[in-house]
Amino acid sequence: MTETSGGEVLARMLQAEGVEKVFGIIDGTYFGFYSNLHKLGVEIVTPRHETCAAHMAGAYARLTGRLGVCMASNGPGVANILPGLAVENAEGNRVLCVTSCRRPQIVYPDRGGAYQSFDQVGAISHLAKWSKAVVSFDRVAELGRTALRNCWEGRPGVVHLDVPETVMNGKFKADVPIWQPHQYRRTEPVAPPPAQVERAAAMLAEAELPIIHAGSGVVHAGAFEELRRVAELLHAPVTTSWAARGVLPETNELAIPMPLISVNNEVRNDADLVLVVGSRLGETDWWGKAPYWRRPSEQQMIQVDADGHVLGANKPAALAVFADARLFLAALAERLAVARDRVNTDPRRRKVAKYREKIAAERAKLDEKLADMSVPMNPAHVAHTCQQVFPPESVLVADGGNAAVWAMMFSESRVPNCMLSTFKMGMLGAGVAQACGAAVARPDHPVCCIIGDGAMGFHPQEVETAMRNGLRVVFVVVCDRQWGMVKMNQQFMLKPLKTLVRKSLGPDETIKADLGEIRFDDLARSMGAHGERVADPRDLGAALERAIGSGRAAVVHVDVDPVKHMWAPGLMHFKDMHLEPKGK
Ligand SMILES: Cc1ncc(C[n+]2csc(CCOP(=O)(O)OP(=O)(O)O)c2C)c(N)n1
Ligand SMILES: [Mg+2]
């Protein structure tokens, strides 16, 4: 019998799952785990704050379709990773978190006074899909398998395993067989029932104007080609959730870009049938309700999801299909191709032509801001210039308040699964680590992270993480020296008329909305990264090119006009989203 440890068993299980990277900060309490990962060739990528490990794992998982693994050590390490876990679970990214805890004799329940200890499973079980403690070495493999099974079931999210230091590091005489993934979990995606595919095809062929609404499920299933085929066979416009932007490249004539909200509203009100794929129709989709969508009495819904709990949750489904998005869309495309001549696409073509005109008009209206060449720059230039300089395959990460809104409004998603943010949680600072995780996942192209100065202030230390790990991230920090989005909202609460007339209140008229300056370019240089500062829109392109050309992590500190920055386009829509839609 060989001698092993709980940490070694877990490390070998992750290796069998094909895990190549684990994100986290080392600690003696799980030396048995990470030293074995290292020995097995699993790379440990180390940030400087545990919450960043969770975001790096989440971004890595979303961009690669693999499992994102992070780790944190008992007490403070776990306390630090909690916000990251809450966000990654909410965003629906497939993350396994392994933590150490103190020895079972003094925790679960806490004896009182245990050092670096709190009820970790109690806390995490409220914000994850599944969270359990391993009580003894005998159960490491079994609970490890249960955790991994949960990772791959239903909607992706966070799964947590809490392992005592004595189990992680202790020496046990045992031969623990490592099962292959197909021996303990489903490894094939769920296929749709053929009769449902047939019914869906018939409904979509007969509808006057069917549309497709795609959510993150399409990203996780990697169903981009299949989505395009179905949309083109039906000549159906495609709207998306914010998080699924670009699943159909926004250059495709059928794509309705999410930032053009009034066109989205119109399309969703014209449709008599909507095929919802991989979306639960949450609040940022207005719950699928009127006046943003047509009423259910006039609009049927086919809903397809790999999580049965999502089906019909927010809007009644005429056809609810429990299936993987890619398999469903592939089967549907096959069916539709056979009955191609049964679909009269002419009325749909006329509608789509009308939407294209409206999209062009809304785009042109937004782009008028680009004529403004004043200094410090109009924030419209930031994402617009990034779009021109970075390759289309580069991942764009958007973080901050108005900085993220401007970034969304002035970028086009041209390649599927190249846009990251925390669309559900709006977590300031998460973007810094998401960008690092993206660079680990996609080392071939530089990552562009457009981020507010408030947001960047949460995690500037991770520029050093990017440097140390050779991650090519360009952080474009939008500096207005204020909590811009909240300041705008506050001004309207305090003095709406004066705000409208003067565009901004005086410095003593707002409450704690201003920030001092951080020279993010200097800070970057202090960590060995490339740093620049730009205020003139004419200089931005060259500065970004130098940043990319530096071949290392870079920070471009961009001074924007703080008043213009507050008046970000589309803000009213974000405000309205906080109210329950009036319709059903
Ligand atoms: C972690 C976190 N804390 C607080 C908020 C509330 N909040 C939303 S936007 C915002 C201001 C963001 O400032 P900045 O990042 O500088 O972006 P700006 O709006 O100035 O572009 C705040 C405080 C949040 N979303 N996340
Ligand atoms: Mg700001």
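Structure shown above.
Residues numbered from 1 in each chain as written. Chains lettered and ligands numbered in written order. Predicted model: local features only at pLDDT ≥ 70, side-chain atom pairs only at ≥ 80, totals over all residues. Heavy atoms only, no water.

**Student:** Before we go on, may I ask you to explain the sheet that holds strand S15 (residues 419-420) in this structure?
**Tutor:** Backbone-to-backbone hydrogen bonds pair the strands of a sheet. The strands run either parallel or antiparallel. With parallel pairing, the six strands of this open sheet are ordered in space as S15-S14-S16-S17-S19-S18. The strands lining the two open edges of the sheet, one partner per strand, are S15 and strand S18 (530-534). With six bridges joining them, strand S17 (residues 473-479) and strand S19 (residues 554-559) adopt parallel strand pairing. In the sheet register, Phe475 faces S19, and the bridge partner there is Val555. (Pairing = 2+ DSSP bridges. Helix = DSSP H or I, 4+ residues; strand = E, 2+ residues; numbered from the N terminus.)

**Student:** Mind showing me how you'd approach the pattern of salt bridges here?
**Tutor:** When charged atoms on two side chains of opposite charge get close, those side chains can pair. Summed over the entire model, instances satisfying the criterion amount to 36 salt bridges. Measuring nitrogen to oxygen at the nearest pair gives 4.0 Å for the salt bridge that ties Glu226 to Arg326. Here Glu226, found in helix H10 (residues 224-234), pairs with Arg326, found in helix H12 (residues 325-338); they are 100 residues apart in sequence, far enough to count as distant. Given the relative accessible area of 17%, Glu226 is considered buried. For Arg326, a relative accessible area of 30% puts it in the partly exposed group. With a shortest N-O distance of 2.6 Å, Glu509 and Lys498 are connected by a salt bridge. In this pair, Glu509 is assigned in the loop between helix H20 (496-502) and helix H21 (520-526) and Lys498 in helix H20, connecting sequence segments eleven residues apart. Residue class for Glu509 comes out partly exposed when judged on its relative accessible area of 22%. Linked by salt bridges that have partners in common, Glu266, Asp270, Lys351, Lys354 and Lys358 make up one network. (Salt bridge = Lys/Arg side-chain N within 4 Å of Asp/Glu carboxyl O. Buried < 20%, exposed > 50% of the residue type's maximum accessible area, 1.4 Å probe, protein only.)

**Student:** Can you walk me through the coordination of the magnesium ion (ligand 2) in this structure?
**Tutor:** Six octahedral donors around a metal ideally make angles of 90 or 180 degrees; four tetrahedral donors ideally make 109.5 degrees. Taken together, Asp453 (OD), Asp480 (OD) and Gln482 (O) make up the protein donors of the magnesium ion (ligand 2), found 2.1 to 2.3 Å from the metal. All donors to the magnesium ion (ligand 2) come from one chain, and their sequence spacing reads D-x26-D-x1-Q. The exposure classification of Asp480 matches that of Gln482, with both residues buried. (Donors = N, O, S within 2.8 Å, 3.2 Å for Na, K, Ca; no water.)

**Student:** Help me understand the sheet that holds strand S3 (residues 43-45), please; the structure alone is not making it clear to me.
**Tutor:** Across the sheet, which stays open at both edges, the six strands sit in the order S3-S2-S4-S5-S7-S6 with parallel pairing between neighbours. The sheet is open, and its two edges are formed by S3 and strand S6 (130-133), each paired on a single side. For this sheet, the mean angle separating the axes of adjacent strands, direction not counted, is 20 degrees. Helix-sheet contacts for helix H3 (residues 50-64) involve strand S2 (21-24), S3, strand S4 (68-72) and strand S5 (95-101), and the interaxial angle to S4 is about 170 degrees. (Axes fitted to C-alpha atoms, helices over the stretch in contact; angles between N-to-C directions. Contact = heavy atoms within 4.5 Å.)

**Student:** When you look at the nonpolar core in this model, what are you seeing that I'm missing?
**Tutor:** Nonpolar side chains in soluble globular proteins generally cluster together in the buried interior. Within the largest apolar cluster, 61 residues are counted, with the highest numbers of intra-cluster contacts made by Ile450, Val474, Val476, Leu544 and Val556. Here the element with the most residues in this core is helix H15 (residues 402-409); it accounts for seven residues. If near-sequence neighbours (up to four positions away) are discounted, Val556 is found in contact with Val474, Phe475, Val476, Val477, Glu532, Val534, Leu540, Ala543, Leu544 and Ala547. Within the second largest apolar cluster, 50 residues are counted, among which are Ala54, Ala72, Val397 and Met456. (Core = buried A, V, L, I, M, F, W, Y, C linked by side-chain atoms within 4.5 Å.)

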